[in-house]
Amino acid sequence: MTTFDLLDVPAPRPLRIPDVHEHTLANGLRVLATRRVSTPLAEVCLSVPFAHADPAAAVLLAGALSDDARTQDRVRAMGGGLSAAVDADRLRIAGSVLADQLPAFLALLGEIVTDPAYPAGEFAITVDHAVQGTIAVLASPAHHVAEALNTRMFGDHPYGLPVPRPEDFRRVDRDAVRALHADRVVPTGACLVLAGDFEPAAAPELVERALGGWRPGRGVPMRRPSPWVPGESIVDEPGVPQSLLRMAMPAPRYDDPDHPALALAAMAFGGYFSSRLVQNIREEKGFSYAPRSSLLHVAEAHLATVSLDVVTANTAAAAEEVRAELTGMADRPVTPDELDRARRYAVGTLRLRLATLTGLAATLCELDQHGLPVSWLGGHDTRLAAVTPDEVTAAAREYLAPDKAITVLLCDEQRAYSA
């Protein structure tokens, strides 16, 4: 009996692994190009290491690149759009254009990275957008609990730093952003992903023509966070209408032998609608609408996370149920049916992601960030199929243990724990 015989639905077709043409320019820029002919488009994603950059200046740099009206007009004329975003690890500049406009888009990208305009008038608008956006974010309890959890996990590491405040954006001038661009927007350690209806073998020449003159610079690796210290803390916010519980536990890297078993354990625990956590907390108890668990991977942190929002009166009971379900993953092993459903969901999710140009490009960027070859995708189904219920139990016991978690609960403490 195969793993898919347990459900009365056809087994998925074999995973189609993209044929990726890989090339590295003399300046260090790594290029991954793959063809997808289903739509006459080209998706481009440039990922540049940005560890330890000033957070406020980095946000404004990405915002200014997205806000540049002249750039956006040129991209729209190519039948597409462009955006930029930054996190603690990387700056990403992404765009989608008609496939026959790929050379023109790459030429524009070359201008953006080597000779950015940062018009003074538009930069002032970017600062105002950042200030107003931050004010809105800072008003959200969901942000408060996320920030508290990150600080508790990572301290003064860049992953734990609070988001820039309005005053942080106001102190950054245009010259500081231009200086950051000159220093850190370099091809050293960067990766350019191209996916779409074009010939991948021609990509190196196109990229060389547009970005070959981009000069390399210093590489700044992300330092590792401090050792993990489990514990619980409460963020007391009187008057908040519901309680927000967040948990995180250390997890293995993608390429660790334990990762497939943990991925299925996290899925069976709370990764989709039929999971144990959702069935208990939502369907049986009615405590929370969307409890969930997932794995999170960034450059120097790998986590199993749990998240739920609950009515204040049910705070203590819901928190206890979460801990009990986590413990139950080791005490009550997954059944073959549970494991098959989790495995099927994980297999289908990857196929859905690779089915779109945006998802394909993002996946290739993620593989590159974590040092994984494209061929790693080819073993995805096999790795999951080889996992046994005993291995899921062992992974849950090792990585989904409540006593290894950092837990933050945001609530109206007096109301949440009143008799």
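Everything numeric in this text was worked out from a predicted model, so none of it was measured.

## Points about the pairing of strand β10 (residues 301-311)
Next up, step 1: The buried fraction of β10 amounts to 8 of the 11 residues, a majority that puts the element mostly inside the structure.
Next up, step 2: Strand direction decides the pairing type here: strand β8 (residues 242-250) and β10, joined by 9 bridges, are antiparallel. Along β10, the bridge assignment pairs R246 with S307.
Next up, step 3: Here strand β9 (residues 292-298) pairs with β10 via 7 bridges, running antiparallel. The residue of β10 that forms the bridge with R292 is S307.
Next up, step 4: As consecutive antiparallel partners, β9 and β10 are separated by 2 residues.

## Examining the environment of V48
Next up, step 1: Relative to the helices and strands, V48 resides in strand β3 (residues 41-49).
Next up, step 2: Here V48 falls in the buried class, since its relative accessible area comes to 1%.
Next up, step 3: A sequence separation of 340 residues divides V48 from T388, and the C-alpha atoms of the two residues are 39 Å apart.
Next up, step 4: Among all residues touching V48, those that are not within four sequence positions of it are D89, R90, L91, R184, V185, V186, A190 and W214.

## Here we look at the sheet that holds strand β11 (residues 406-411)
Next up, step 1: The mixed open sheet is built from 5 strands, whose spatial order is β7-β11-β8-β10-β9. Of all strands in the sheet, those with a lone pairing partner are β7 (231-236) and β9, marking the two edges. Within this sheet the neighbouring strands show an average axis-to-axis angle of 20 degrees, counted without direction.
Next up, step 2: Those strands touched by helix α9 (residues 259-270) are β9 and β10, and its axis lies near 145 degrees from that of β9.

Definitions and limits used
Residues numbered from 1 in each chain as written. Predicted model: local features only at pLDDT ≥ 70, side-chain atom pairs only at ≥ 80, totals over all residues. Heavy atoms only, no water. Buried < 20%, exposed > 50% of the residue type's maximum accessible area, 1.4 Å probe, protein only. Helix = DSSP H or I, 4+ residues; strand = E, 2+ residues; numbered from the N terminus. Pairing = 2+ DSSP bridges. Contact = heavy atoms within 4.5 Å. Axes fitted to C-alpha atoms, helices over the stretch in contact; angles between N-to-C directions.

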